[in-house]
Amino acid sequence: MRRLLLVLALLAGGCLERPFVCANNGQCRYEGRQGTCEADRRCSFPDGSCPSGRRYADFGTNARCVGATAACGAAGEACCAKDTCQAGLSCTSGRCACTVATASGGDAHTCVALAHGKVLCWGQNTSGQLGDGTVLSRATPAEVPGLPTATAVIAREAHSCALLADRTVSCWGGNTRGQLGDGTVATRPSPVSVTRLPQLGPVVELVAGARHVCARLEDGQVACWGDDNRGQLGDGKTVERPLPELVPGLRGVRGLAAGDEFSCAIGADLRVVCWGDNLRKQIDGSTETFVPSPRDVGVTGAVELVAGASHACARTNDGGVTCWGWNASGQLGRGDTAALLPPGAVSM
């Protein structure tokens, strides 16, 4: 009976609504609009936002452009309009593509957090730093399975961590110094939750050194865990910790950065304090080889921090940049390669 009704509709010259089946162009006329009977015997109508210039007739919210192989707005498929790509995708050159929220690179691997909450990683995986449950390296991005919705990701030497939408943290990969924060030093090729953080408070920012991690909490305090051989955890000691602990004395922190074995923070007064390795004057010009507690480095008006292996830079509220630490390759931007320099403005 269904087939008979379809034939009768076609013979009557009317386009059958949903899915607008047709036998010729004459049957693709709807509310005064003339359409096209496509090769798959379905009607399409003009739509300048489609690369083909035509979109199939009403399929509800999943109407797709002619030539697309999946619902309009899906990744890799044509955009029917710039605002019709699915969540986390944007219209680029006529096709919906993933929108990257954050990206980070480790020694030999890369991870990105997408706007819709998924995390993709690729590269070296000998310590499980890709988070796919294996130790097999891969040359193309692959999703980290089983990870809850993420808002940011960081990758360092051989481990990775994600800041999740619920303000907690999951980490995976190398764990020789407890940098995954799960209370162990066991390698984890799949994400594990950083324990104790939920008790300390919601996380709003995450940074990582070679084998340590620091988190800025919503209340302006800072918690760190992992390697502490150079005092990079800021607790006045040099004992590694596989669980997060608060950095004593830090309040009202507005931003963080971490080098290989040192850490820095912007205080409520916009002054920068750092702690950890000082062999290359990452903290100050003293003869101390490490500084295990936060110390003012002499930078004021800081609004953003970044760090390399053994140097750091601050973007300041006067629109300038100030850098300090190791300079053997000119990374401080002073026009020379003097090995060790205190904080100074970069001339641009």
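Here the structure is a predicted model, which means the values were calculated and not measured.

**What about the sheet that holds strand S4 (residues 43–46)?**
The pairing of strands in a sheet comes from backbone hydrogen bonds and takes either a parallel or an antiparallel form. Sheet architecture is open: 3 strands sit in the order S3-S4-S5, paired in antiparallel fashion. Looking at which strands have only one partner, the edges of the open sheet turn out to be strand S3 (36–37) and strand S5 (54–56). Two elements, S3 and S4, share 2 bridges in a ladder whose sense is antiparallel. Paired with threonine 36 across the two strands is serine 44, which belongs to S4.

**Regarding the sheet that holds strand S15 (residues 188–193)**
Pairing within the open sheet is antiparallel, and its 4 strands lie in the order S12-S13-S14-S15. With one partner strand each, in any of the chains shown, strand S12 (150–155) and S15 form the two edges of the open sheet. With direction set aside, neighbouring strand axes in the sheet form an average angle of 15°. Here 5 bridges tie S12 to strand S13 (residues 159–164), and the two strands are oriented antiparallel to one another.

**Here's the deal with the nonpolar core**
Cys161, Val169, Leu197, Val203, Leu206, Val213 and Trp225 are the most contacted members of the largest nonpolar core, which has 17 residues in total. Every element with two or more residues in this core is listed here: S13, strand S14 (169–173), strand S16 (203–208), strand S17 (212–217) and strand S18 (222–226). Among residues more than four places away in sequence, those in contact with leucine 206 are Ile154, Cys161, Ala162, Leu163, Val169, Val213, Cys214, Ala215 and Trp225. Counting 16 residues, the second largest nonpolar core, distinct from the first, contains Ala257, Cys264, Val272 and Leu305.

**Some remarks on the pattern of salt bridges**
The full count for this structure, using the stated rule, is 20 salt bridges. Measuring nitrogen to oxygen at the nearest pair gives 3.8 Å for the salt bridge that ties glutamate 240 to arginine 177. Of the two residues, glutamate 240 sits in the loop between S18 and strand S19 (241–246) while arginine 177 sits in the loop between S14 and S15, which places them 63 residues apart along the sequence. Looking at glutamate 240, the relative accessible area reads 33%, which means it is partly exposed.

**Focus on the side chain of glutamine 232**
Its location among the elements puts glutamine 232 in the loop between S18 and S19. Of the residues examined, glutamine 232 reaches a relative accessible area of 0% and is grouped as buried. There is a polar contact of 3.3 Å between the side chain of glutamine 232 and the side chain of asparagine 229. Here the side chain of glutamine 232 touches arginine 230 through a polar contact of 2.8 Å, landing on its backbone nitrogen. Setting aside anything within four residues of it in sequence, one finds glutamine 232 in contact with His212, Cys214, Asp227, Glu261, Phe262, Ser263, Trp275 and Gly276.

What counts and how
Residues numbered from 1 in each chain as written. Predicted model: local features only at pLDDT ≥ 70, side-chain atom pairs only at ≥ 80, totals over all residues. Heavy atoms only, no water. Pairing = 2+ DSSP bridges. Helix = DSSP H or I, 4+ residues; strand = E, 2+ residues; numbered from the N terminus. Axes fitted to C-alpha atoms, helices over the stretch in contact; angles between N-to-C directions. Core = buried A, V, L, I, M, F, W, Y, C linked by side-chain atoms within 4.5 Å. Buried < 20%, exposed > 50% of the residue type's maximum accessible area, 1.4 Å probe, protein only. Contact = heavy atoms within 4.5 Å. Salt bridge = Lys/Arg side-chain N within 4 Å of Asp/Glu carboxyl O. Polar contact = N/O pair within 3.5 Å; in protein donor to acceptor, adjacent residues only side chain to side chain.

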